[in-house]
Amino acid sequence: MDVLGEKWITPFVKQSFVTCGVSINMAAAGLVMGFTTGLLEQLGAPDSPIPVDDASGSWIAAIPGFSLVVGNFIVPSVMARYGRKTANLISIVPLIIGWIGIVLANSITALFIARFLQGLCMGMATSLGSTLIGEYASPRNRGVFLMTISISIAFGVLCVHAMGSYLDWKTSAIVCGSVALIDLVIVIFSPESPSWLADQGKYDECKKVFRWLRGTKEEQELKNLIEASIIVRESKAEANVRRTLLKKIKSNVVYFKTTITKKEFFKPIFIMIHIYMIGQWSGVNILVTYSIVIFNRVVGPDCNIPLMIMALDGHRIIANIFAIYIIKKAKRRTMLFTTVGINVLALLGLAAYTYAKENRLLNTDYPIIGILLIHLLMFAVATGTISLCFIIAGEIFPLEYRSLAGGLSVLFYSANLFLNVKTIPYLLNNIGVHGTCCLYCVVILYCLLIAWWFLPETKDRTLQDIEDEFRGRPMTMEELKSAQSLASWKAYNTDRRCSTPVV
């Protein structure tokens, strides 16, 4: 950290460096999910060393969505006890082992195990990504840095699709594993989160890291961070005086039961469940995991599919970059409803076009219409539908229960990812592209209605202000002093970052 702390390196550059370590790890999700496009295509060839059918292929594609749950359960306790940096380092290990396993695989079982390990990384990174960037970055840069998560995932998909078109799957796995090693080096040289250091009572180190990351212009936020941490730690110490282990466990159970009934706890979870559903049922998994299939069905097998896939992935990156500009200008709700509305229109357009094409209702074939509709869908997904999942997740959860609330909501993210990827072949083969698109529209419109009713505006607001809106009033000093840390409950930890005490 001292080497990187030269005076000519600005706080923004330092925040960019640590964000890079998080974003490359998040890019693993794009590499893992996009890898199946070339993998399944090559394994389906007559001379494949590991023959697969639709059923086994769908399991290879969907297993990371299942093991993502396991990773999501593991990471909160690691984050709480050993720190955010350590959790980030640990999350990279199963990813590297997974890529090595794919390179050495000679059976479907070996591929299943390797993909399971990769899903562990995805689960840990999904919980870590928004939390780490939210704690590292200045509030004025937070939205932009959170957007790098989506850009990284999109860039990972583009790279792995390009490799899958021209390289064999084992060579592609070697390259992907090398990227994970580079990320490991970046994370090793990144500092620990100042919020976690404050929570552990390491205030001198917290000040040093905070000022290294932010400079000296955000001292009030540092002061508030440490003051809130001191209040919670003292409160916890008082509550633990002369308490037996049995009483402590009983107290934590009661505290947990009380916590889950609080508006500021369950409302954000309820909202994020539906935001994650919008993201996973938007059609993104078809475009990423089954892109060859969708181009064959919509455009036709005679097109240059590798070129079209890379053009689509390039479009996704451009749309993500465009979204960085939009996210600084537009309100979150406006951006969500606009992009999801375009998403629905694109799905309905694809449904109408493919239905007319399959039932010979068109006088002649118009491939350009199918291509434009697919790109319109990608534009909506990349600009807002997927990107906003990570941005809202980094802003909406209550300060004190961020790890617990985030972890619970990610369970639904994982469940929807697994269910969506696993059912894509079945839906396409039984109700066609048009039926699949219509089904997705129904799910998205229901979730959008929930978001319209419950989601507050979060742009340019402090995390404490957002929490107070869910609660319905500001937290009093008595409530702040009586708030106990979840650190004593081994699976989770308090995350009271940047909260301003009520005077």
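Residues numbered from 1 in each chain as written. Predicted model: local features only at pLDDT ≥ 70, side-chain atom pairs only at ≥ 80, totals over all residues. Heavy atoms only, no water.

1. What about the overall build of the protein?
And step 1. Scanning the protein from terminus to terminus reveals 21 helices and zero strands.
And step 2. For the protein, the residues scored as buried account for 59% of the 503 residues in total.
And step 3. A fraction of 83% describes how many contacts in the protein between residues 6 or more apart in sequence connect residues 24 or more apart.
And step 4. Only carbon and sulfur atoms are counted for the fraction: they give 67% of the accessible area of the protein, which is about 20,600 Å². (Helix = DSSP H or I, 4+ residues; strand = E, 2+ residues; numbered from the N terminus. Buried < 20%, exposed > 50% of the residue type's maximum accessible area, 1.4 Å probe, protein only. Contact = heavy atoms within 4.5 Å. Areas by Shrake-Rupley, 256 points an atom, 1.4 Å probe, with all protein chains shown as cover.)

2. Describing the packing of helix α15 (residues 332-358) against helix α17 (residues 387-396)
And step 1. Taken N-terminus to C-terminus, the directions of α15 and α17 make an angle of 155°; their axes are 11 Å apart at the nearest point. In this view, α15 runs roughly antiparallel relative to α17, as classed from their interaxial angle. Crossing hand, α15 versus α17: left-handed. Between α15 and α17, the residues in contact are R332, M335, L336 and T339 and L388, I391 and E395, respectively.
And step 2. In terms of residue class, the contact of α15 with α17 is made up of four nonpolar, one polar and two charged. (Axes fitted to C-alpha atoms, helices over the stretch in contact; angles between N-to-C directions. Parallel < 35°, antiparallel > 145°, perpendicular 65-115°, else oblique. Left-handed = near helix turned anticlockwise from the far one by under 90°. Nonpolar A, V, L, I, M, F, W, Y, C, P; charged D, E, K, R; others polar.)

3. Re the pattern of salt bridges
And step 1. Scanning the model with the defined rule gives one salt bridge in all.
And step 2. Close ionic contact of R84 with E135 constitutes a salt bridge, the shortest N to O distance being 3.0 Å. Note that R84 is positioned in helix α3 (residues 84-104) and E135 in helix α4 (residues 108-136), a separation of 51 residues in sequence.
And step 3. A relative accessible area of 1% places R84 in the buried class.
And step 4. By relative accessible area, which is 2% here, E135 ends up buried. (Salt bridge = Lys/Arg side-chain N within 4 Å of Asp/Glu carboxyl O.)

4. Looking at unusual backbone geometry
Excluding glycine, residues mostly have negative phi values, and the peptide bonds linking residues are mostly trans.
And step 1. For R360, which is not glycine, the phi torsion reads 55° and is therefore positive.
And step 2. You can see R360 is positioned in the loop between α15 and α16 (367-385).
And step 3. Residue R360 is classed as exposed on the basis of its relative accessible area, which comes to 76%.

5. Observations regarding the packing of aromatic side chains
And step 1. Summed over the entire model, instances satisfying the criterion amount to nine aromatic pairs.
And step 2. Judged by centre distance (6.0 Å) and plane angle (55°), the ring pair of F66 and F418 falls under tilted. In this pair, F66 is assigned in helix α2 (residues 54-82) and F418 in helix α18 (residues 402-430), connecting sequence segments 352 residues apart.
And step 3. Grouping aromatic residues by their ring pairs yields a cluster made of W59, F66 and F418.
And step 4. Here R333 stacks its cationic end above the ring of W452, 5.6 Å away from the centre of that ring. (Phe/Tyr/Trp six-rings, centres within 6.5 Å; stacked < 30°, edge-to-face > 60°. Lys NZ or Arg CZ within 6 Å of the ring centre and 35° of its normal.)

6. Notes on the side chain of T339
And step 1. Topologically, T339 is positioned in helix α15.
And step 2. Non-local contacts of T339, meaning those with residues more than four positions away in its chain, are made with A380, T383, G384, T385 and L388.

7. A look at the confidence of the model for the protein
And step 1. When pLDDT is averaged along the protein, the result is 79, and 82% of the positions lie at 70 or above.
And step 2. When mean pLDDT is compared element by element in the protein, helix α19 (residues 432-454) scores highest at 93, while helix α21 (residues 477-482) scores lowest at 48.
And step 3. Segment residues 241-246 is flagged for pLDDT under 50; beyond a separation of four residues in sequence, or across chains, it makes three contacts in the model. (pLDDT = per-residue confidence, 0-100.)

8. Quick notes on the nonpolar core
And step 1. In this structure, W99 and F295 are the most contacted members of the largest nonpolar core, which totals 139 residues.
And step 2. With 12 residues, helix α1 (residues 11-43) is the single largest residue contributor to this core.
And step 3. Those residues within four positions of W99 in sequence are excluded, and the remaining contacts are L31, V32, F35, Q118, A173, C176 and G177. (Core = buried A, V, L, I, M, F, W, Y, C linked by side-chain atoms within 4.5 Å.)

9. Details of the side chain of N285
And step 1. In this fold, N285 is placed in helix α12 (residues 284-289).
And step 2. Classification of N285 as buried rests on a relative accessible area of 6%.
And step 3. A polar side-chain atom of N285 sits 2.8 Å from a polar atom in the side chain of N420.
And step 4. If we ignore the near neighbours within four places in the chain, the residues touching N285 are Q280, Y290, L417, N420, V421 and I424. (Polar contact = N/O pair within 3.5 Å; in protein donor to acceptor, adjacent residues only side chain to side chain.)

10. Observations concerning a nonpolar patch on the surface
And step 1. A contiguous nonpolar surface patch, about 430 Å² in accessible area, is contributed by L362, Y366, I368, I369 and L372.
And step 2. Within the secondary structure, Y366 sits in the loop between α15 and α16. (Patch = residues over 30% accessible without salt bridge, like charges linked within 9 Å, V, L, I, M, F, W, Y side chains within 5 Å.)

11. Some remarks on the packing of α1 against helix α8 (residues 203-214)
When two helices pack together, you describe them by how their axes are tilted relative to each other and by the distance separating the axes.
And step 1. At a minimum axis separation of 6 Å, α1 and α8 run at an interaxial angle of 105°. With respect to their mutual orientation, α1 and α8 come out roughly perpendicular. Across the interface between the two elements, P11, K14, Q15 and V18 from α1 touch W212, L213 and R214 from α8.

12. Structural notes on α8
And step 1. The end-to-end C-alpha distance of α8 is 16 Å, a good match for the 16 Å that 12 residues give at a rise of 1.5 Å each.
And step 2. Among all positions in α8, only C206, V209, F210, W212, L213 and R214 are buried.
And step 3. Following α8 by one or two positions, G215 has its phi on the positive side, about 80°. (Expected span 1.5 Å × (residues − 1).)

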